[in-house]
Amino acid sequence: MSHETDAVGTPGPETSAAGTAAFEAPTAEEAPASELPATLGVKRVLVVGTGAISVCHLPAFVTLLRHHFEADTAVCLTRSAREMVSPRALEVVSGRPVIAPDWSGDSGPSHVSWADWAEAVIVWPATLNFMSRCAFGLADSLPSAIVLSTCAPVIFAPSVAEAAVRGGPFRRAVRLLTQDGHGLVGPVVGHSVSNWEMTPGACAPADKVLRALADLVTRSAPPATDPPHPAHSLPHPKGTR
(Lines give C-alpha, C1' and ligand atoms only; values in the text may rest on other atoms or scores of the structure.)
Protein backbone atom coordinates (compact mmCIF):
# COMPACT_ATOMS: atom_id res chain seq x y z
CA MET A 1 0.00 0.00 0.00
CA SER A 2 1.29 3.43 -0.91
CA HIS A 3 0.03 6.69 0.51
CA GLU A 4 1.10 9.75 -1.43
CA THR A 5 1.08 12.46 1.17
CA ASP A 6 1.85 12.82 4.84
CA ALA A 7 0.35 16.29 5.14
CA VAL A 8 -2.61 16.93 7.36
CA GLY A 9 -4.15 20.33 7.65
CA THR A 10 -4.09 22.48 10.71
CA PRO A 11 -4.73 26.21 11.04
CA GLY A 12 -1.86 28.08 9.50
CA PRO A 13 -0.82 31.02 7.33
CA GLU A 14 -1.91 31.46 3.78
CA THR A 15 0.54 30.85 0.98
CA SER A 16 0.56 32.07 -2.59
CA ALA A 17 1.06 28.52 -3.86
CA ALA A 18 -1.94 27.25 -1.96
CA GLY A 19 -4.10 30.33 -2.10
CA THR A 20 -6.28 29.27 0.83
CA ALA A 21 -6.09 28.79 4.57
CA ALA A 22 -5.07 25.43 5.97
CA PHE A 23 -7.33 22.48 6.64
CA GLU A 24 -9.56 21.96 9.65
CA ALA A 25 -11.85 19.01 10.32
CA PRO A 26 -15.05 19.82 8.40
CA THR A 27 -17.96 19.74 10.81
CA ALA A 28 -21.02 21.95 10.78
CA GLU A 29 -20.00 23.38 14.15
CA GLU A 30 -16.48 24.25 13.00
CA ALA A 31 -17.55 25.73 9.67
CA PRO A 32 -19.57 28.90 10.35
CA ALA A 33 -22.58 29.36 8.11
CA SER A 34 -21.07 32.60 6.78
CA GLU A 35 -18.18 30.61 5.28
CA LEU A 36 -20.38 28.01 3.61
CA PRO A 37 -22.36 28.58 0.42
CA ALA A 38 -26.07 29.13 0.92
CA THR A 39 -26.74 26.19 -1.38
CA LEU A 40 -24.74 23.77 -3.48
CA GLY A 41 -27.18 23.92 -6.37
CA VAL A 42 -27.42 20.11 -6.43
CA LYS A 43 -28.99 17.45 -4.25
CA ARG A 44 -27.08 14.28 -5.21
CA VAL A 45 -23.35 14.37 -4.42
CA LEU A 46 -20.88 11.54 -4.91
CA VAL A 47 -17.70 11.83 -2.82
CA VAL A 48 -14.55 9.94 -3.81
CA GLY A 49 -11.98 9.39 -1.06
CA THR A 50 -8.41 8.44 -1.97
CA GLY A 51 -5.42 7.25 0.02
CA ALA A 52 -4.16 10.47 1.62
CA ILE A 53 -3.99 10.83 5.41
CA SER A 54 -6.73 13.48 5.44
CA VAL A 55 -9.24 10.88 4.26
CA CYS A 56 -9.61 10.03 7.95
CA HIS A 57 -11.74 13.20 8.21
CA LEU A 58 -14.13 12.09 5.47
CA PRO A 59 -16.98 11.05 7.82
CA ALA A 60 -17.17 14.64 9.10
CA PHE A 61 -17.20 15.97 5.53
CA VAL A 62 -20.05 13.63 4.58
CA THR A 63 -21.95 14.60 7.74
CA LEU A 64 -21.68 18.25 6.69
CA LEU A 65 -23.08 17.45 3.24
CA ARG A 66 -25.99 15.44 4.59
CA HIS A 67 -27.09 17.48 7.57
CA HIS A 68 -26.20 21.05 6.61
CA PHE A 69 -27.04 20.87 2.90
CA GLU A 70 -29.45 17.89 3.11
CA ALA A 71 -27.66 16.34 0.13
CA ASP A 72 -28.20 12.73 -0.82
CA THR A 73 -24.58 11.60 -0.51
CA ALA A 74 -22.83 8.49 -1.81
CA VAL A 75 -19.20 7.62 -1.02
CA CYS A 76 -16.68 5.67 -3.10
CA LEU A 77 -13.27 4.78 -1.65
CA THR A 78 -10.13 3.67 -3.42
CA ARG A 79 -8.44 0.51 -2.15
CA SER A 80 -5.82 2.45 -0.17
CA ALA A 81 -8.43 4.80 1.28
CA ARG A 82 -10.38 1.85 2.72
CA GLU A 83 -7.33 1.08 4.89
CA MET A 84 -7.27 4.62 6.32
CA VAL A 85 -10.94 5.33 7.09
CA SER A 86 -13.75 3.08 8.22
CA PRO A 87 -16.20 2.17 5.45
CA ARG A 88 -18.68 1.28 8.20
CA ALA A 89 -18.48 4.80 9.65
CA LEU A 90 -19.09 6.28 6.21
CA GLU A 91 -22.02 3.95 5.67
CA VAL A 92 -23.60 5.17 8.90
CA VAL A 93 -23.20 8.90 8.20
CA SER A 94 -24.10 8.68 4.49
CA GLY A 95 -26.99 6.28 4.92
CA ARG A 96 -25.66 4.18 2.02
CA PRO A 97 -23.22 1.29 1.63
CA VAL A 98 -19.81 2.54 0.51
CA ILE A 99 -19.21 1.91 -3.19
CA ALA A 100 -16.55 -0.76 -3.73
CA PRO A 101 -13.30 0.22 -5.48
CA ASP A 102 -13.67 -2.54 -8.10
CA TRP A 103 -16.38 -4.10 -10.19
CA SER A 104 -18.01 -7.27 -8.90
CA GLY A 105 -18.79 -10.14 -11.23
CA ASP A 106 -22.48 -9.32 -11.49
CA SER A 107 -22.37 -5.52 -11.05
CA GLY A 108 -22.48 -4.63 -14.73
CA PRO A 109 -21.43 -1.09 -15.73
CA SER A 110 -21.93 0.27 -12.22
CA HIS A 111 -19.55 3.15 -12.92
CA VAL A 112 -22.01 4.42 -15.54
CA SER A 113 -24.94 4.09 -13.13
CA TRP A 114 -23.15 6.12 -10.44
CA ALA A 115 -21.81 8.63 -12.98
CA ASP A 116 -25.37 9.25 -14.19
CA TRP A 117 -26.75 9.38 -10.63
CA ALA A 118 -24.37 12.08 -9.42
CA GLU A 119 -25.25 15.73 -9.87
CA ALA A 120 -21.78 16.64 -8.58
CA VAL A 121 -18.60 14.72 -7.74
CA ILE A 122 -16.06 15.75 -5.09
CA VAL A 123 -12.67 14.01 -4.87
CA TRP A 124 -11.64 14.74 -1.29
CA PRO A 125 -8.78 14.20 -0.73
CA ALA A 126 -7.25 13.67 -4.18
CA THR A 127 -3.81 12.04 -4.32
CA LEU A 128 -1.43 12.73 -7.17
CA ASN A 129 -1.84 9.13 -8.30
CA PHE A 130 -5.61 9.48 -8.61
CA MET A 131 -5.43 12.92 -10.22
CA SER A 132 -2.94 11.65 -12.80
CA ARG A 133 -5.10 8.65 -13.66
CA CYS A 134 -8.10 10.88 -14.22
CA ALA A 135 -6.03 13.41 -16.16
CA PHE A 136 -4.78 10.75 -18.57
CA GLY A 137 -8.05 8.82 -18.81
CA LEU A 138 -7.04 5.66 -16.93
CA ALA A 139 -10.36 4.12 -15.88
CA ASP A 140 -8.84 1.04 -14.26
CA SER A 141 -10.81 1.32 -11.01
CA LEU A 142 -14.42 2.08 -10.20
CA PRO A 143 -13.65 5.49 -8.59
CA SER A 144 -11.65 6.77 -11.58
CA ALA A 145 -14.17 5.30 -14.03
CA ILE A 146 -16.97 7.19 -12.30
CA VAL A 147 -15.07 10.48 -12.53
CA LEU A 148 -14.23 9.89 -16.19
CA SER A 149 -17.79 8.84 -17.10
CA THR A 150 -19.81 11.57 -15.44
CA CYS A 151 -21.15 14.71 -17.07
CA ALA A 152 -21.62 16.30 -13.64
CA PRO A 153 -19.28 19.00 -12.29
CA VAL A 154 -16.18 17.50 -10.61
CA ILE A 155 -14.06 19.16 -7.91
CA PHE A 156 -10.61 17.85 -6.90
CA ALA A 157 -9.06 18.78 -3.54
CA PRO A 158 -5.39 17.72 -3.91
CA SER A 159 -3.44 16.31 -0.99
CA VAL A 160 0.17 15.75 -2.03
CA ALA A 161 3.73 15.79 -0.69
CA GLU A 162 5.46 19.15 -0.38
CA ALA A 163 7.96 18.48 -3.17
CA ALA A 164 5.19 17.21 -5.45
CA VAL A 165 3.40 20.58 -5.30
CA ARG A 166 6.28 22.11 -7.28
CA GLY A 167 6.87 19.06 -9.47
CA GLY A 168 6.07 18.62 -13.13
CA PRO A 169 3.69 15.63 -12.75
CA PHE A 170 1.40 17.55 -10.39
CA ARG A 171 1.41 20.64 -12.58
CA ARG A 172 0.64 18.56 -15.68
CA ALA A 173 -2.24 16.80 -13.94
CA VAL A 174 -3.66 20.14 -12.76
CA ARG A 175 -3.38 21.60 -16.26
CA LEU A 176 -5.10 18.65 -17.94
CA LEU A 177 -7.90 18.40 -15.37
CA THR A 178 -8.53 22.13 -15.64
CA GLN A 179 -8.61 21.91 -19.44
CA ASP A 180 -11.25 19.19 -19.08
CA GLY A 181 -13.42 21.64 -17.16
CA HIS A 182 -12.89 20.23 -13.67
CA GLY A 183 -12.42 22.39 -10.59
CA LEU A 184 -9.38 22.25 -8.29
CA VAL A 185 -9.13 23.71 -4.80
CA GLY A 186 -5.81 23.82 -2.94
CA PRO A 187 -3.55 22.28 -1.84
CA VAL A 188 -3.07 24.35 1.31
CA VAL A 189 -0.50 24.68 4.08
CA GLY A 190 -0.72 22.04 6.79
CA HIS A 191 1.33 19.95 9.20
CA SER A 192 3.39 17.13 7.72
CA VAL A 193 2.90 13.99 9.81
CA SER A 194 6.51 12.98 9.11
CA ASN A 195 7.99 15.97 10.95
CA TRP A 196 4.99 18.14 11.99
CA GLU A 197 6.37 21.15 10.15
CA MET A 198 4.01 23.47 8.28
CA THR A 199 4.33 22.73 4.57
CA PRO A 200 2.18 23.15 1.45
CA GLY A 201 0.34 20.08 0.17
CA ALA A 202 -2.57 19.55 2.58
CA CYS A 203 -6.19 19.08 1.54
CA ALA A 204 -8.34 22.22 1.30
CA PRO A 205 -10.97 22.77 4.01
CA ALA A 206 -14.61 21.88 3.50
CA ASP A 207 -15.95 25.43 3.23
CA LYS A 208 -13.58 26.36 0.41
CA VAL A 209 -14.25 23.13 -1.48
CA LEU A 210 -18.01 23.54 -1.19
CA ARG A 211 -17.91 27.20 -2.24
CA ALA A 212 -15.90 26.18 -5.29
CA LEU A 213 -18.41 23.41 -6.03
CA ALA A 214 -21.36 25.79 -5.79
CA ASP A 215 -19.60 28.20 -8.16
CA LEU A 216 -18.74 25.40 -10.63
CA VAL A 217 -22.34 24.12 -10.57
CA THR A 218 -23.60 27.62 -11.33
CA ARG A 219 -21.16 28.05 -14.22
CA SER A 220 -21.95 24.57 -15.59
CA ALA A 221 -25.71 25.11 -15.64
CA PRO A 222 -27.18 25.61 -19.13
CA PRO A 223 -28.27 29.18 -19.76
CA ALA A 224 -31.94 29.89 -19.29
CA THR A 225 -33.85 30.31 -22.53
CA ASP A 226 -36.98 32.30 -23.15
CA PRO A 227 -40.05 30.30 -24.18
CA PRO A 228 -40.74 30.50 -27.92
CA HIS A 229 -42.97 33.32 -29.08
CA PRO A 230 -46.48 32.04 -29.79
CA ALA A 231 -46.13 33.03 -33.44
CA HIS A 232 -43.11 30.76 -33.76
CA SER A 233 -45.16 27.71 -32.91
CA LEU A 234 -47.87 28.35 -35.49
CA PRO A 235 -47.77 26.13 -38.57
CA HIS A 236 -46.86 27.86 -41.82
CA PRO A 237 -49.62 28.22 -44.38
CA LYS A 238 -49.64 25.39 -46.88
CA GLY A 239 -47.35 25.98 -49.81
CA THR A 240 -45.19 28.59 -48.07
CA ARG A 241 -42.03 28.35 -46.08
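Residues numbered from 1 in each chain as written. Predicted model: local features only at pLDDT ≥ 70, side-chain atom pairs only at ≥ 80, totals over all residues. Heavy atoms only, no water.

**Student:** Provide a residue-level description of the confidence of the model for the chain, including the pertinent values.
**Tutor:** Chain-level statistics for the chain give a pLDDT mean of 82 and a share of 76% at 70 or above. Contacts from residues 10-33, a stretch scored under 50 in pLDDT, to residues over four places away or in other chains number 52 contacts. For the stretch residues 230-241, pLDDT sits under 50, and the model shows zero contacts to residues farther than four places along the chain or on other chains. (pLDDT = per-residue confidence, 0-100. Contact = heavy atoms within 4.5 Å.)

**Student:** Can you explain the sheet that holds strand S6 (residues 183-184)? Please cite residues and give values.
**Tutor:** Taken together, five strands build an open sheet; the order of strands is S3-S2-S4-S5-S6 and the sheet is parallel. Each having just a single partner strand, strand S3 (72-77) and S6 make up the two edges of the open sheet. The pairing of strand S2 (residues 44-49) with strand S4 (residues 120-126) spans four bridges and is classified as parallel. Counterpart to valine 47 in the pairing with S4 is isoleucine 122. Strands in contact with helix H4 (residues 128-135) are S2, S4, strand S5 (154-158) and S6; relative to S5, the strand with the most contacts, it is inclined by about 145°. Strands in contact with helix H8 (residues 206-220) are S4, S5 and S6; relative to S5, the strand with the most contacts, it is inclined by about 155°. (Pairing = 2+ DSSP bridges. Helix = DSSP H or I, 4+ residues; strand = E, 2+ residues; numbered from the N terminus. Axes fitted to C-alpha atoms, helices over the stretch in contact; angles between N-to-C directions.)

**Student:** Residue-level account of unusual backbone geometry, with values.
**Tutor:** Cis geometry marks the peptide bond from tryptophan 124 to proline 125, where omega comes out at -5°. Along the chain, proline 125 turns up in strand S4. A cis amide bond links glycine 186 with the next residue in sequence, proline 187, at an omega value of 5°. Its location among the elements puts proline 187 in the loop between S6 and strand S7 (188-192).

**Student:** Describe the packing of aromatic side chains, with residues and values.
**Tutor:** What describes a pair of aromatic rings is the distance from one ring centre to the other and the angle between the planes of the rings. Scanning the entire structure with this criterion turns up two aromatic pairs. Taken together, a centroid distance of 4.6 Å and an interplanar angle of 15° make the contact between phenylalanine 61 and tryptophan 124 stacked. Within this pair, whereas phenylalanine 61 is found in helix H1 (residues 58-68), its partner tryptophan 124 is found in strand S4, the two being separated by 63 residues in sequence. Tryptophan 124 carries the same exposure label as phenylalanine 61, and that label is buried. Judged by centre distance (5.4 Å) and plane angle (80°), the ring pair of tryptophan 114 and tryptophan 117 falls under edge-to-face. Of this pair, tryptophan 114 and tryptophan 117 are both found in helix H3 (residues 110-117), three residues apart, which corresponds to roughly one turn of the helix. (Phe/Tyr/Trp six-rings, centres within 6.5 Å; stacked < 30°, edge-to-face > 60°. Buried < 20%, exposed > 50% of the residue type's maximum accessible area, 1.4 Å probe, protein only.)

**Student:** Which residues make up the packing of H3 against helix H5 (residues 142-149), and what values go with them?
**Tutor:** The contact between H3 and H5 brings their axes to 8 Å, and the two run at 50°. Here H3 is positioned oblique relative to H5, judged by the angle of their axes. Where H3 crosses over H5, the handedness of that crossing is right-handed. Each of Ser110, His111, Trp114 and Ala115 in H3 lies in contact with H5, whose residues at this interface are Leu142, Ala145, Ile146 and Ser149. The residue makeup of the contact of H3 with H5, split by class, is five nonpolar, three polar and no charged. (Parallel < 35°, antiparallel > 145°, perpendicular 65-115°, else oblique. Left-handed = near helix turned anticlockwise from the far one by under 90°. Nonpolar A, V, L, I, M, F, W, Y, C, P; charged D, E, K, R; others polar.)

**Student:** How would you summarise the pattern of salt bridges if you had to cite specific residues and measurements?
**Tutor:** Close approach of charged atoms allows side chains of opposite charge to pair. Under the counting rule described, the total for this entry stands at eight salt bridges. In this structure, glutamate 91 engages arginine 88 in a salt bridge whose closest nitrogen and oxygen atoms are separated by 3.3 Å. Within this pair, glutamate 91 and its partner arginine 88 are both found in helix H2 (residues 87-94), separated by three residues, close to a single helical turn. Exposure remark for glutamate 91: the relative accessible area of 30% places this residue in the partly exposed category. Looking at arginine 88, the relative accessible area reads 53%, which means it is exposed. For aspartate 215, the salt bridge goes to arginine 219, with nearest N and O atoms at 2.9 Å. (Salt bridge = Lys/Arg side-chain N within 4 Å of Asp/Glu carboxyl O.)

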